[in-house]
Amino acid sequence: PPSTPSHPPGECPASCKGPTPYLTHNQAERFLPPYFTSPLRPNITGIFSTSGSSGVNTTYGAVINIRYNGNATHAVLMSPAMVTHQVSMNQRGVKLAVVPPPRRKAAAPSGYLRVRMPPNPNVITPGSKMLFLMNGNIPCNAASWIRLLP
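Caption draft 1: View of the overall build of the protein. Counting secondary structure elements, the protein contains zero helices and nine strands. Looking at the 150 residues of the protein, the share that counts as buried comes to 33%. Partitioning the intrachain contacts of the protein with sequence separation of at least 6 by distance along the chain shows that 58% fall at a separation of at least 24. Approximately 9800 Å² of the protein is accessible, and the part contributed by carbon and sulfur atoms is 57%.

Caption draft 2: Representation of the nonpolar core in the model. In terms of nonpolar packing, the biggest core is built from 20 residues, with Ile66, Leu77, Val115, Met117, Leu131 and Leu133 touching the most fellow members. For this core, the element with the highest residue contribution is strand E3 (residues 63-69), accounting for three residues. If we skip the residues at most four places from it in the chain, Val115 touches Ala62, Val63, Ile64, Ile66, Ala75, Leu96, Ala97, Val98 and Val99.

Caption draft 3: Up close: the environment of Pro150. Relative to the helices and strands, Pro150 resides in the segment after strand E9 (144-149). By relative accessible area, which is 83% here, Pro150 ends up exposed. Through-space distance from the C-alpha of Pro150 to that of Asn120 is 8.3 Å; in sequence the pair is 30 residues apart. Those residues in contact with Pro150 that sit more than four places away from it in its chain are Tyr60 and Pro126.

Caption draft 4: Representation of the side chain of Ser144 within the structure. Within the fold, Ser144 resides in strand E9. Here Ser144 falls in the buried class, since its relative accessible area comes to 17%. Once you skip the residues sitting within four places of it in the chain, Ser144 turns out to touch Ile44, Ile47, Lys129, Met130 and Leu131.

Caption draft 5: Looking closely at the confidence of the model for the protein. Residue-level pLDDT values for the protein average 79, and 70% of them are 70 or greater. Across residues 1-5 the pLDDT falls below 50, and counting only partners more than four positions away or on other chains, this stretch makes five contacts in the model.

How each quantity is defined
- Residues numbered from 1 in each chain as written.
- Predicted model: local features only at pLDDT ≥ 70, side-chain atom pairs only at ≥ 80, totals over all residues.
- Heavy atoms only, no water.
- Helix = DSSP H or I, 4+ residues; strand = E, 2+ residues; numbered from the N terminus.
- Buried < 20%, exposed > 50% of the residue type's maximum accessible area, 1.4 Å probe, protein only.
- Contact = heavy atoms within 4.5 Å.
- Areas by Shrake-Rupley, 256 points an atom, 1.4 Å probe, with all protein chains shown as cover.
- Core = buried A, V, L, I, M, F, W, Y, C linked by side-chain atoms within 4.5 Å.
- pLDDT = per-residue confidence, 0-100.

In structure tokens:
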């Protein structure tokens, strides 16, 4: 649910705290990992290919630029969870290689991270993926969707 002043992110709204037709008591569960409210979580603000076009569609081995707010150390590409019978058999995450800036630039501008996509489909299958920026072990606030083309 969206965050509102009366409903902070991660909080269970009043509607899920009400009685259920199958239980005789109110039931609600909340899980907030330790990093959930951390101010150290980066925010992805844009994804661009090295040619400057939108990096939403990319290919194996391509280098993309990720613009962000906050601090970031690396990026992770995740297959979306497809749960069938409580098991996501294809769930996988791949840490992407960080690419240094081109030689003509002394350093990457603050708030940009260059990463290389996996080399081939043996590492991660083509399709829609979630791109997470990480600040050490702290993930970004929200993943960005990209499509890895064969």
